Amino acid sequence: TLYRSLLELGLTPRKSKTLQLPSVPPNVFPDFIRGYLDGDGTVLVWKDPRWQHPWQMRVAFSSGSRIFLEKLRLQLQQLAGLSPSSLLTRPDVSVLSYAIADGLKLYHWMYRDAGCLCLARKRERFEKFLALKAGKG
């Protein structure tokens, strides 16, 4: 009975594989993305001496639903001016990732309000990268 009631409310079996991007108004989409990054995203910062600018950064979003990430990618292109990026699919997860230039665009777009609600450690990784790139770290 409980299972049928949940289905009637719109829940679906294996929703992580069939999740659709919700309709989010453009003016709050940066907030939605910031929350999604806090939950199912990562900001990686590392040093790679092979490059002219050794400090590297990658921002990535994970989901069991490739279609969710495909639509997310399109929205980020339209609303935040990001490139098409890289979308890799493995058997259990898909990953949408952005390199430095798009990662910094995303940072400034998501955290446009200094007092916004966010997971501090994710924001601090962006700020760490900016400090390292500027030679302050």
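Whatever comes next refers back to the structure up there.
Just so you know, these numbers come straight off a predicted model, no measurement behind them.

Cut-offs and rules
Residues numbered from 1 in each chain as written. Predicted model: local features only at pLDDT ≥ 70, side-chain atom pairs only at ≥ 80, totals over all residues. Heavy atoms only, no water. Pairing = 2+ DSSP bridges. Helix = DSSP H or I, 4+ residues; strand = E, 2+ residues; numbered from the N terminus. Axes fitted to C-alpha atoms, helices over the stretch in contact; angles between N-to-C directions. Contact = heavy atoms within 4.5 Å. Salt bridge = Lys/Arg side-chain N within 4 Å of Asp/Glu carboxyl O. Buried < 20%, exposed > 50% of the residue type's maximum accessible area, 1.4 Å probe, protein only. Left-handed = near helix turned anticlockwise from the far one by under 90°. Nonpolar A, V, L, I, M, F, W, Y, C, P; charged D, E, K, R; others polar.

Draft legend 1. Structural context of the sheet that holds strand 4 (residues 94–98). With respect to topology, 4 strands assemble into an open sheet ordered 1-2-4-3, the strand pairing being antiparallel. In the strand order of this sheet, the two ends are held by strand 1 (41–47) and strand 3 (86–89), each with one partner. Ignoring strand direction, the axes of neighbouring strands in this sheet form an average angle of 25°. Pairing between strand 1 and strand 2 (residues 55–63): 7 bridges, direction antiparallel. If you follow V43 over to strand 2, its bridge partner there is V59. Contacting strand 1 and strand 2, helix 3 (residues 29–40) crosses the sheet at an angle of about 90° to strand 2.

Draft legend 2. Spatial organisation of the pattern of salt bridges. Within this structure, the stated rule accounts for 5 salt bridges. Taking the shortest distance from any N to any O, the salt bridge between R34 and D31 comes out at 3.0 Å. Pair noted here: R34 and D31 are both in helix 3, with a separation of 3 residues, about one helical turn. Judged by its relative accessible area of 30%, D31 falls in the partly exposed class. With its nearest N and O atoms 2.7 Å apart, the salt bridge here joins R50 to D48. For R50, a relative accessible area of 66% translates into the label exposed. Here the residues in one salt-bridge network are D31, R34 and R112, joined through shared partners.

Draft legend 3. The packing of helix 3 against helix 5 (residues 100–110), seen in detail. As a packed pair, helix 3 and helix 5 sit with axes 9 Å apart at the nearest point and diverge in direction by 115°. Every pair of crossing elements has a handedness; the one defined by helix 3 and helix 5 is left-handed. Contacts between helix 3 and helix 5 involve F29, P30, I33, R34 and L37 from the first element and L106, W109 and M110 from the second. Residue composition of the contact of helix 3 with helix 5, grouped by class: 7 nonpolar, no polar and 1 charged.

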